[in-house]
Amino acid sequence: MDLLQSYAKSDGEDEEEQVNLEENPPSPDSSPPRISLPSKSSAPTVDDTMLALSVAGRNRIFSKPIDPAQHVVAYNPTYDQLWAPICGPAHPYAKDGLAQGMRNHKLGFVENAAIDTFVFDEQYNTFHKYGYAADPSGSSGTNYVGDLDALQKNNGISVYNIPQSRQRKRKLEKKIERKEDEANDVDVDDDVNNPASDNWLKKNRQSPWAGKKQGVEVEFTEEQKKYAEEYAVKKAEKEKGSDNNTGEVVAEKSTFHGKEEKDYQGRSWIAPPKDAKAKNDQCYMPKRWIHTWSGHTKGVSAIRFFPKQGHLLLSAGMDSKVKIWDVHNSGKCMRTYMGHGKAVRDISFSNDGTKFLSAGYDKNIKYWDTETGQVISTFSTGKVPYVVKQNPDDDKQNILLAGMHDKKIVQWDMNSGKITQEYDQHLGAVNTITFVDDNRRFVTSSDDKSLRVWEFGIPVVIKYISEPHMHSMPAISLHPNSNWLAAQSLDNKIMIYSTRERFQLNKKKMFAGHIVAGYACQVNFSPDGQYVMSGDGEGKCWFWNWKTCKVSRTLKCHEGVCIGVEWHPLEQSKVATCGWDGLIKYWD
């Protein structure tokens, strides 16, 4: 390069000297002039902004790259200059030629674009169906990418603007194919081919503006017509039963198993013995198993002693029967009450014991006469009642409260048979109803893991108790002094709440050790309040000391779940338990 430049320089000097000679001819005395030939440089003119590189055996010219750290560019670079490799040739395995530093995605550089969701879905589905789509870089969809022959054939339509003529043609073809399939395969699925079934209606339903029916009409066989008629009758009966707010209708009857309903003095068999009274005020834990009642053919879900006397024991069975047993004398079943179509969930005596309530999974609540076994009245909302309770006040024995599966507490006036109030605040099925504060308020628990306190007759929650650590409480019992509530929590604990104004949790009193998770095992107190007892899922009956909160005794009572425990109101050391093995056991 230097040699060529020096040669060009010397050549230029000779030309200048020759011009000077022409203007000023030399004198005769001077030496003869020197003649030089014109010359031309063969070296090409090289722009220092271009670099010649050889990549993979091919000569390719690359622009000088722009330094990514440079924030200002003094000229307008081209696309190739902007996207040229920073150093060296392009990566041989990069399909798009972008350097790794230029990527924000494994396939290259992605920029955000404002494309409407509907437009994107339209073009995406059109491309996958027809093979072409509008080019997003084009103006207003004038450019297309993909199969241009299909574009011309379909006149550029998308999947969302198919002509109505073609739509009608497609519907007609599908309808004919569907009916041909039904005609060829009649017996495969009766529910689909049955014109009265829901599946057939869903499959063949048309809108009011669908126009006239076209295609082949299929004639149904005699078997299909008969099936359709039977199906329609069953469906009508089912809808009729669901529309009426009544449960299942079962014949109500009762059977007396004793010798005679009245003794020689004319006293009823439910009359308490005259000499029955508490011997002392202190209770003792039972030690031995003294009697078994085994009349139920399935599990026993609840037991209740006759109020104040305890000479009779009422039991609710999963065999849809309610039985009452003699505790004081013979120890036999005295009467069976049959009126429910499914398992009985809960039972509750009136204050004097002459009547009782039963709630069953047949969605009925029945009010029975204990002595005669007759059903006085039946109540139902069309939902399953989980708990029934009468108002404990003697002047309000006609008021019935029921916690329902549909999250409501329903209040009936049993004299008129009408619903007088609904308490609707819970978010789950209502499990318990417990009256507190001289029966002016009541506490309810639910599957929504909360406790709610209500003013009787006012459907507004006055106290709402719900904490993150709380579990569902399917059984609650009131302490004999009426100051505390024992709630069976499904985290295998018994929680104690105050019945004062604030209904606070007593953190110092907590009873644990048993396993009740998943079962609504009843919790109860001894008449003197000295002991807390509960069944558990392993068939045991647990006794805790109220003051120390320590386990005092456990008894293995049943095979399976021990669901109910009751302390005799007068016999201070006797306890009745029931379980899912169908037995009721008496302990002393």
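No experiment lies behind these values; they were computed from the predicted model shown. (Residues numbered from 1 in each chain as written. Predicted model: local features only at pLDDT ≥ 70, side-chain atom pairs only at ≥ 80, totals over all residues. Heavy atoms only, no water.)

## A closer look at helix 3 (residues 117-130)
Put simply, the test is: Going along the chain from the N terminus, every DSSP run of H or I of four or more residues is numbered as a helix, and every run of E of two or more is numbered as a strand. For a helix, the expected span equals 1.5 Å multiplied by the residue count minus one. Partly exposed residues are those whose accessible area sits between 20% and 50% of the maximum for their type, while under 20% is buried and over 50% is exposed, using a 1.4 Å probe and protein chains only. Directions are taken from the helix axis to each C-beta atom, and the arc is the one they span. The term polar contact refers here to a pair of N or O atoms within 3.5 Å; inside protein, the definition further demands a hydrogen-donor-capable atom paired with an acceptor-capable atom, and it admits residues adjacent in sequence only when both atoms are side-chain atoms.
Helix length check: helix 3 (14 residues) gives 20 Å between terminal C-alpha atoms against 20 Å at 1.5 Å per residue, within 8%. Along helix 3, the positions that sit buried rather than exposed are E122, T126 and Y130. Along the axis of helix 3, the buried residues cluster in a sector spanning 25°; they form a single face. Exposed residues lying more than 90 degrees from the buried face of helix 3 are T117 and H128. Structurally, the start of helix 3 carries an N-cap: the backbone nitrogen of F118 is 3.1 Å from a side-chain oxygen of D116. Residue G131 follows helix 3 closely and has a positive phi angle near 95°.

## Re unusual backbone geometry
Here the phi dihedral of K363 falls at roughly 75°; this positive angle occurs in a residue that is not glycine. Inspection of the secondary structure assignment puts K363 in the loop between strand 12 (355-360) and strand 13 (365-369). Taking the relative accessible area as the measure of exposure, K363 reaches 34% and is therefore partly exposed. Its identity as a non-glycine residue notwithstanding, K449 has a phi of 65°, on the positive side. Within the secondary structure layout, K449 lies in the loop between strand 20 (441-446) and strand 21 (451-455).

## With respect to the pairing of strand 17 (residues 409-413)
Threshold: Two strands pair under a simple rule: DSSP has to find at least two bridges between them.
Counting buried positions along strand 17 yields 5 of 5 residues, so the element is predominantly enclosed. For strand 16 (residues 399-404) and strand 17, the ladder comprises 5 bridges, and the chain directions are antiparallel. Its bridge partner being in strand 17, L400 is matched across the sheet by W412. The hairpin turn running from strand 16 into strand 17, its antiparallel successor, is 4 residues long, and K407 in that turn takes a positive phi close to 75°.

## Overview of the packing of aromatic side chains
Convention followed: Aromatic pairs are defined between Phe, Tyr and Trp rings, using the six-membered ring for Trp, whenever the two ring centres lie within 6.5 Å; interplanar angles under 30 degrees are classed as stacked, those over 60 as edge-to-face, and all others as tilted.
With the rule as written, the count across this model stands at 28 aromatic pairs. Ring centres 6.3 Å apart and planes at 40° place the aromatic pair W293 and W325 in the tilted group. Highlighted residues: W293 in strand 6 (residues 289-293) and W325 in strand 9 (residues 321-326), separated in sequence by 32 residues. What makes W293 buried here is its relative accessible area of 3%.

## Quick look at the environment of T292
Put simply, the rule is: Contacts were defined at the residue level, with two residues in contact if any of their heavy atoms lie within 4.5 Å.
Inspection of the secondary structure assignment puts T292 in strand 6. Taking the C-alpha atoms as reference points, T292 and L583, 291 residues apart in sequence, are found 6.8 Å from one another. In contact with T292, not counting residues within four places along its chain, are L583, I584 and K585. Reaching out from T292, the side chain makes a polar contact with the side chain of W289 at a distance of 2.8 Å.

## Considerations on the sheet that holds strand 16
Quick note on the threshold: Here the axes come from fitting lines to C-alpha atoms, over the contacting stretch only for helices, and the angles between their N-to-C directions go from 0 to 180 degrees.
Read from one edge of the open sheet, 4 strands run 15-16-17-18, paired in antiparallel fashion. The outermost strands of the open sheet, each flanked by one partner alone, are strand 15 (385-390) and strand 18 (418-423). On average, each strand axis in the sheet is tilted by 25° relative to the strand beside it, whichever way the strands run. In the sheet, strand 15 pairs with strand 16 via 5 bridges, with the strands oriented antiparallel.

## Looking at the pattern of salt bridges
Condition: A carboxyl oxygen of Asp or Glu within 4 Å of a side-chain nitrogen of Lys or Arg is what we treat as a salt bridge.
Scanning the entire structure with this criterion turns up 10 salt bridges. The residue K408 makes a salt bridge to E422 at a minimum N-O spacing of 3.6 Å. Linking K408 in the loop between strand 16 and strand 17 with E422 in strand 18, this pair joins segments that are 14 residues apart in sequence. When its relative accessible area of 23% is taken as the criterion, K408 is described as partly exposed. A relative accessible area of 34% places E422 in the partly exposed class. Between D437 and R440 there is a salt bridge, with its nearest N and O atoms 2.7 Å apart. One salt-bridge network, held together by shared partners, links D437, R440, R441 and E455.

## Some words on the confidence of the model for the chain
Note the cut-off: Per-residue confidence from the predictor is given as pLDDT, running between 0 and 100.
Confidence in the prediction for the chain averages 80 pLDDT; 76% of positions are at 70 or higher. Within the model, the stretch residues 14-23 combines pLDDT values under 50 with 5 contacts to residues more than four positions away or in other chains. Across residues 46-62, confidence stays below pLDDT 50; counting only partners more than four residues off in sequence or on other chains, it has 17 contacts.

## Thoughts on the nonpolar core
As a rule of thumb, nonpolar side chains are buried together in soluble globular proteins. What counts is decided by this rule: The nonpolar core is taken to be a set of buried Ala, Val, Leu, Ile, Met, Phe, Trp, Tyr and Cys residues, with the residues joined through side-chain atoms within 4.5 Å.
Core analysis: the largest hydrophobic core is formed by 18 residues, its most contacted members being W269, L314, V322, I324, Y337, I347 and F356. Looking at this core, the elements with two or more residues in it are strand 8 (312-317), strand 9, strand 10 (333-338) and strand 11 (344-349).

## Describing a negative patch on the surface
In plain terms, the rule: Patch membership requires more than 30% relative accessible area and the absence of a salt bridge. Residues of like charge join within 9 Å; the nonpolar side chains Val, Leu, Ile, Met, Phe, Trp and Tyr join within 5 Å. Surface accessibility in these figures is a Shrake-Rupley result with a 1.4 Å probe; residues are shielded only by whichever protein chains are displayed. Under the convention used here, Asp and Glu are negative, Lys and Arg are positive, and both His and the chain ends fall outside the count. Lysine's charge is taken at NZ, arginine's at CZ, aspartate's at CG and glutamate's at CD.
Together, E173, E177, E180 and D181 make up a negatively charged patch on the protein surface. Relative to the assigned elements, E173 resides in helix 5 (residues 164-184). Residue class for E173 comes out partly exposed when judged on its relative accessible area of 41%.

## A short note on a nonpolar patch on the surface
On the surface, a cluster of nonpolar side chains totalling about 610 Å² of accessible area is made up of I115, F118, V119, F120, Y124 and Y160. Residue placement: Y124 occurs in helix 3.

## Focus on a positive patch on the surface
A cluster of basic side chains, namely K129, R166, K169, R170 and K174, defines a positive patch on the protein surface. The leading source of residues in the positive patch is helix 5, at 4 residues. One can find R166 in helix 5.

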